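Descriptive structure summary
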Amino acid sequence: MAFIKIQNVIINTNYIAAVKLDNQTGSEVKSVSVLLVTPKFPLFQCESISPNLHNYEWIEFTGQAANALQDYFTSYNNVIDLLPQSQESSVV
């Protein structure tokens, strides 16, 4: 289990499902978005099983935080790119 600290936010990397690099916000500011998926626990064990057992939330970072995430997720030490460069543009 690893953690990433971005300003005052600490993210458990086990809960990161997706990362959008090089986003543009409405005001044309560069941003990086992280999709977090966390387990949803029922308040009582006897509750019926919900078909959606996870919480999904996109968190958007801008400025220095976006730059730090961009560096982290484009580092070959942290992420292995499985697609050749020529195929990346066609897969979205």
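Scroll up to find the structure.
The sections below set out a description of the structure shown in this document. None of these values were measured; they are calculated from a predicted model.

**A few points about the packing of aromatic side chains**
Going through the model one piece at a time under the given rule, you end up with one aromatic pair. Between the aromatic rings of Tyr72 and Phe73, the centroid separation amounts to 4.9 Å while the plane-to-plane angle is 85°, which identifies the pairing as edge-to-face. We classify Tyr72 as partly exposed; its relative accessible area is 28%. The residue whose ring lies beneath Lys20 is Trp58, and the NZ or CZ to ring-centre distance is 4.5 Å.

**Re the sheet that holds strand β3 (residues 16–24)**
Strand order in this open sheet of three strands is β3-β4-β5, and the pairing throughout is antiparallel. Strands at the two margins of the open sheet, each flanked by one partner only, are β3 and β5 (54–62). Averaged over all pairs of adjacent strands, the angle between their axes in this sheet comes to 15°, without regard to strand direction. Alignment of strand β4 (residues 30–39) against β5, held across nine bridges, turns out to be antiparallel. The residue of β5 that forms the bridge with Leu35 is Trp58. The sheet contacts of helix α1 (residues 63–74) involve β3, β4 and β5, and relative to β4 the element is tilted by about 70°.

Thresholds applied
- Residues numbered from 1 in each chain as written.
- Predicted model: local features only at pLDDT ≥ 70, side-chain atom pairs only at ≥ 80, totals over all residues.
- Heavy atoms only, no water.
- Phe/Tyr/Trp six-rings, centres within 6.5 Å; stacked < 30°, edge-to-face > 60°.
- Buried < 20%, exposed > 50% of the residue type's maximum accessible area, 1.4 Å probe, protein only.
- Lys NZ or Arg CZ within 6 Å of the ring centre and 35° of its normal.
- Pairing = 2+ DSSP bridges.
- Helix = DSSP H or I, 4+ residues; strand = E, 2+ residues; numbered from the N terminus.
- Axes fitted to C-alpha atoms, helices over the stretch in contact; angles between N-to-C directions.
- Contact = heavy atoms within 4.5 Å.

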